[in-house]
Amino acid sequence: QTLSSRIVRIESLGDERGQLTVLEENKSIPFEFKRVFYIYGTIAGVRRGFHAHYKTRQALISVTGSCKVHLDNTKRTEEVELDSPNTILILEPNDWHEMYDFSPDCVLLVLASHLYDPEDYIRDYDKFIKIYSKS
Ligand code: T46
């Protein structure tokens, strides 16, 4: 079974002045986003995330630098690298995720479908397996 999260590559609108990349809801981003946050200044060797969600869909873009994401849908795992402002990880709620190998200059931009709600996080791996292993 393949993961529901996936990498999409979008076009850069470059010209002689430089580059521009656009993200639009229900177009390059397949959902409406209510929240934007960014992760930066990550200390070398740090791994973060360690959760899945119930409903929040997210799009992760490393606008500068790079990082990797470990994905787990209870049946298989996958490692993806975000190393370009034109590479987007569409992260579905049912995939457990851990972000790692951040370059010192990494700015990881995240668009989220819902406002922040700590109740939407599944932080216990065994609970994650129980909830999602049947789907
Ligand atoms: C995810 C990955 C990709 C808020 O108060 N509001 C927010 O919108 C967010 C995202 C976080 N916070 C607080 C909660 C914690 O006290 O900021 C602190 C750090 O958040 P957290 O430990 O959840 O960060 P990560 O890197 O583990 O996970 C984040 C997102 O929370 C999560 O949804 O999927 O990035």
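Residues numbered from 1 in each chain as written. Predicted model: local features only at pLDDT ≥ 70, side-chain atom pairs only at ≥ 80, totals over all residues.

If you look the chain up in an unreviewed UniProt entry, it shows as dTDP-6-deoxy-3,4-keto-hexulose isomerase from Paenibacillus helianthi.

(A) Quick peek at the overall build of the chain. Helices and strands together make up the secondary structure of the chain, namely one helix and 10 strands. Ordering the α and β elements of the chain from the N terminus gives β-β-β-β-β-β-β-β-β-β-α. For 135 residues, the compact-globule estimate of 2.2 N^0.38 gives 14 Å, and the chain sits close to it at 15 Å. In terms of principal-axis extent, the alpha carbons of the chain reach across some 55 × 35 × 30 Å. Relative to its 135 residues, the chain shows a buried fraction of 24%. (Helix = DSSP H or I, 4+ residues; strand = E, 2+ residues; numbered from the N terminus. Rg over C-alpha atoms; globule rule 2.2 N^0.38 Å. Buried ≥ 20, exposed ≤ 12 C-beta atoms within 10 Å, placed from the backbone.)

(B) Region of interest: the sheet that holds strand β5 (residues 67-72). Reading across from one edge, β6-β5-β8-β3-β10 is the order of the five strands in this open sheet, with antiparallel pairing throughout. The open sheet is flanked by β6 (77-82) and β10 (121-122), the only strands paired with a single partner. (Pairing = 2+ DSSP bridges.)

(C) Inspection of the environment of Phe128 at higher detail. If you trace the backbone, Phe128 turns up in helix α1 (residues 125-132). Given 21 C-beta atoms within a 10 Å radius, Phe128 is considered buried. Taking the C-alpha atoms as reference, Phe128 lies 24 Å from Phe33; in sequence the two are 95 residues apart.

(D) Local environment of the sheet that holds strand β1 (residues 6-9). A sheet is described by the order of its strands in space; here five strands give the open sequence β1-β7-β4-β9-β2, paired in antiparallel fashion. For this open sheet the edge positions go to β1 and β2 (35-40), each flanked by a neighbour on one side alone. Shown here is a sheet whose adjacent strand axes are inclined to one another by a mean of 25 degrees, direction ignored. Bridge analysis of strand β4 (residues 58-64) against strand β7 (residues 87-91) gives three bridges, and the strand direction is antiparallel. Pairing of Gln58 across the sheet is with Leu91, part of β7. (Axes fitted to C-alpha atoms, helices over the stretch in contact; angles between N-to-C directions.)

(E) A look at the pairing of β4. Of all the seven residues making up β4, five are buried; the element is thus mostly covered by neighbouring parts of the structure. Pairing between β4 and strand β9 (residues 107-112): six bridges, direction antiparallel. Its bridge partner being in β9, Leu60 is matched across the sheet by Val110.

(F) The arrangement of the UniProt feature "domain: Sugar 3,4-ketoisomerase QdtA cupin" (unreviewed entry) in the chain in detail. Taking the numbering used here, the UniProt-annotated feature "domain: Sugar 3,4-ketoisomerase QdtA cupin" (unreviewed entry) corresponds to residues 5-131. In residues 5-131, the share of helix is 6% and the share of strand is 42%. The end C-alpha atoms are 17 Å apart. (UniProt positions renumbered as here; feature names shortened; annotations may be inferred.)

(G) Geometry of the site of the ligand. Every residue close to the ligand is listed here: Arg35, Phe37, Ile39, Arg48, Gly49, Gln58, Leu60, Val110 and Tyr116. Looking at which element gives the most residues to the shell around the ligand, the answer is β2, with three residues. The residue inventory of the shell around the ligand, partitioned by class, reads five nonpolar, two polar and two charged. (Near = placed C-beta within 6 Å. Nonpolar A, V, L, I, M, F, W, Y, C, P; charged D, E, K, R; others polar.)

(H) Summary view of the nonpolar core. With 17 residues, the main nonpolar core has Ala59, Leu60, Cys67, Val69, Leu82 and Leu89 as its most contacted residues. Sorting the residues of this core by element identifies β4, β5, β7 and β9 as the ones contributing at least two each. Residue contacts for Leu82: discarding those within four places in its chain leaves Leu60, Ile61, Ser62, Ser66, Cys67, Val69, Thr87 and Leu89. (Core = buried A, V, L, I, M, F, W, Y, C linked by C-beta atoms within 7 Å. Contact = placed C-beta atoms within 7 Å.)

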